[in-house]
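The residues making up each chain are set out below.
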Amino acid sequence: MTGLSGSSVVVTGAGSGIGRAAALRFAEEGARVVVADLNVDGAKAVVAEIEAAGGTAVAVTGDLSDPAMVEQVVSTAVDTFGGLDVLVNNAGIMDRMTATADVTDEEWERLIRVNLTAPFQLTRAVLPHMLAKGKGAIVYTASEAGLRGSASGTAYTVSKHGIVGLTRSTAIMYRNSGIRVNAIAPGGTMTNISASMGGMPEGYGPQTLGPYMPNVGRIAEADEQAAAIVFLASDAASNINGVVLPVDNGWSAV
Ligand code: NAD
C-alpha cells in the first residue's frame, strides 16, 4: 500500500526527536534507512533499535553543514542500498528567539547553513539519482515558523520560510519527472530541540513571543509528525506535490 517496502530512505536528524520517530516508522514499513546525524550515540542507538526489530539501517554521522557529510550521506545510500528513493530533510536547530537587530552573524550563518543550505545541497545531490529512476519523494521538516512570524526568532523564521520556498520551487520544477516534494510544518513538538538553543540572550525569552504563543495548543509527540512524513513519502500521497502540511493541532488555522 505505501510502496515503501524495500525502498532506500535517508532521514537526516534521525538520531533524535522527529527524525528518530520517522526512521523507526520507515523501517516498520520495510524501508532500509540511512540514519544521518551529528549525534553519534543517538544515530547508533536508532540503528540498533531498527535492527533489533528486524529492520535494516546504517548510521552516517557528521555535521550536515559540511558538504563532505552531504556527499557521504548520499553515497552511503547509493552504495549500501543500491539507490535512493526517499529523502527526508529533517535535521534542524533553533535560534535563540532573537529579534533582527540582535541577531549575530554567527547565529544567522549557522541557522541558514544547517536549516536551509544543507537541505538544499542534499536535495541537489539526490535529484540525479531520482531522475534516473523516474521516481522519488522528498519531504522537508519546515515549521510553524515557516508559515508565520511569531513562532521563533528571525534567523530560524527565515530559514524555515526558505524551506517552504525550496519545497514549492523544487516540486514545480520536477512535477513531470515522477518526483514529489512536500513538507510538514510542525507546531510545538516534544523533542530535544531546545538543547540546540544554547540559552537565550538577555531580554529574550517567553516575554518576546509570549503574547503570540497562546495559540500553540497541545504539544505533539514526535511520532505524530513522523506519521505525516511517512504518509507524504508514500504512494498513498501519489498525487500530493508542493504541499506544506501543518501538523499543529490547528495553530495555523487560528
Ligand atoms: P531534535 O533536536 O530532537 O532532533 C534534531 C536532530 O538533528 C538531532 O539529533 C541533532 O543532532 C540533528 N542535527 C542538528 N544539527 C545537525 C547538523 N548540523 N548535522 C547533522 N545533524 C544535525 O529536534 P526535533 O524537534 O526532532 O527537530 C527536527 C526538525 O523539526 C527540525 O528541523 C526542527 O526545526 C523541526 N521542528 C521542530 C519543532 C518542535 O517543536 N520540536 C517544531 C517545528 C519544527
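As the structure is a prediction and not an experimental result, all values here were calculated from the model.

A.B. asks: Explain the side chain of threonine 98 to me, please; I cannot follow it from the model alone.
C.D. replies: Locating threonine 98 in the fold gives a position in the loop between strand 4 (86-89) and helix 4 (105-133). Within the local environment of threonine 98, its side chain forms a polar contact with the side chain of glutamate 107, the two groups lying 2.9 Å apart. When near neighbours in sequence (up to four residues on either side) are disregarded, threonine 98 contacts Val103, Glu107, Gly153, Thr154, Pro201 and Tyr204.

A.B. asks: What is the right way to look at the pairing of strand 4 in this model?
C.D. replies: Side-chain positions along a regular strand alternate between the two faces of the sheet. Here strand 4 shows no split at all, with Val86 and Val88 on one side and Leu87 and Asn89 on the other all buried. As paired elements, strand 1 (residues 8-12) and strand 4 share three bridges and run parallel to each other. From the neighbouring strand, valine 9 faces strand 4, where its bridge partner is valine 86. Two strands pair when backbone bridges link them, and strand 4 and strand 5 (residues 136-141) are joined in this way by four bridges, in the parallel orientation. Directly across from valine 88, in strand 5, lies its bridge partner valine 139. A crossover connection joins strand 4 to the parallel strand 5 through helix 4; in handedness this β-α-β unit is right-handed.

A.B. asks: Which parts of the structure should I look at to understand the packing of helix 4 against helix 5 (residues 154-173)?
C.D. replies: When two helices pack together, their arrangement is captured by the angle between the axes and the distance separating the axes. Packing of helix 4 against helix 5 leaves a shortest axis separation of 8 Å and a crossing angle of 15°. Taken together, the axes of helix 4 and helix 5 are roughly parallel relative to one another. Of the two possible hands of crossing, helix 4 and helix 5 adopt the one that is right-handed. For the pair helix 4 and helix 5, the contacting residues are Trp108, Leu111, Ile112, Asn115, Leu116, Pro119, Phe120, Thr123 and Leu127 in the first and Thr154, Ala155, Tyr156, Val158, Ser159, Lys160, Gly162, Ile163, Leu166 and Thr170 in the second. Residues of the contact of helix 4 with helix 5, tallied by class, amount to 12 nonpolar, six polar and one charged.

A.B. asks: What exactly am I supposed to notice about the nonpolar core here?
C.D. replies: Nonpolar side chains in soluble globular proteins tend to be buried together. Counting residues in each nonpolar core, the largest one holds 34 residues, and the members touching the most others are Leu64, Val73, Leu84, Leu87 and Ile138. Only strand 2 (32-37), helix 3 (67-81), helix 4, strand 5, helix 5 and strand 6 (179-186) provide two or more residues apiece to this core. In terms of residue count, the dominant contributor to this core is helix 4 (eight residues). Among the nonpolar cores identified, the runner-up in size contains 32 residues, and Leu4, Ala43, Ile50 and Ala57 belong to it.

A.B. asks: Could you clarify how one ought to interpret the site of the ligand in this entry?
C.D. replies: Near the ligand there are 29 residues, and of these Ser16, Asp37, Asn90, Tyr156 and Thr191 occur at the shortest range. Isoleucine 18 is positioned such that a nitrogen or oxygen atom in its backbone is 2.8 Å from an oxygen atom of the ligand. Within the side chain of aspartate 37, one N or O atom sits 2.6 Å away from an oxygen atom of the ligand. Burial of the ligand by the protein chains amounts to 92% of its free accessible area of 830 Å². Secondary structure elements with two or more residues in the shell around the ligand: helix 1 (17-28), helix 4 and helix 5. Of the residues belonging to the shell around the ligand, the class tally is 10 nonpolar, 15 polar and four charged.

A.B. asks: Before we go on, may I ask you to explain the pattern of salt bridges in this structure?
C.D. replies: Two side chains that carry opposite charge are able to pair once their charged atoms sit near each other. If you walk through the whole model with that rule in mind, you get eight salt bridges. The salt bridge partner of arginine 20 is glutamate 49, with a shortest N-O separation of 2.8 Å. With a gap of 29 residues between them, arginine 20 in helix 1 and glutamate 49 in helix 2 (residues 40-52) connect regions that are remote in the sequence. Across the pair lysine 133 and aspartate 85 runs a salt bridge, and its minimum N-O distance is 2.5 Å. Taken together, the positions of lysine 133 in helix 4 and aspartate 85 in the loop between helix 3 and strand 4 put the pair 48 residues apart, joining distant regions of the chain. By relative accessible area, aspartate 85 is classed as buried at 19%.

Conventions used here
- Residues numbered from 1 in each chain as written.
- Predicted model: local features only at pLDDT ≥ 70, side-chain atom pairs only at ≥ 80, totals over all residues.
- Heavy atoms only, no water.
- Helix = DSSP H or I, 4+ residues; strand = E, 2+ residues; numbered from the N terminus.
- Polar contact = N/O pair within 3.5 Å; in protein donor to acceptor, adjacent residues only side chain to side chain.
- Contact = heavy atoms within 4.5 Å.
- Buried < 20%, exposed > 50% of the residue type's maximum accessible area, 1.4 Å probe, protein only.
- Pairing = 2+ DSSP bridges.
- Right-handed = clockwise from strand over helix to strand, strands pointing away.
- Axes fitted to C-alpha atoms, helices over the stretch in contact; angles between N-to-C directions.
- Parallel < 35°, antiparallel > 145°, perpendicular 65-115°, else oblique.
- Left-handed = near helix turned anticlockwise from the far one by under 90°.
- Nonpolar A, V, L, I, M, F, W, Y, C, P; charged D, E, K, R; others polar.
- Core = buried A, V, L, I, M, F, W, Y, C linked by side-chain atoms within 4.5 Å.
- Near = heavy atom within 4 Å.
- Areas by Shrake-Rupley, 256 points an atom, 1.4 Å probe, with all protein chains shown as cover.
- Salt bridge = Lys/Arg side-chain N within 4 Å of Asp/Glu carboxyl O.

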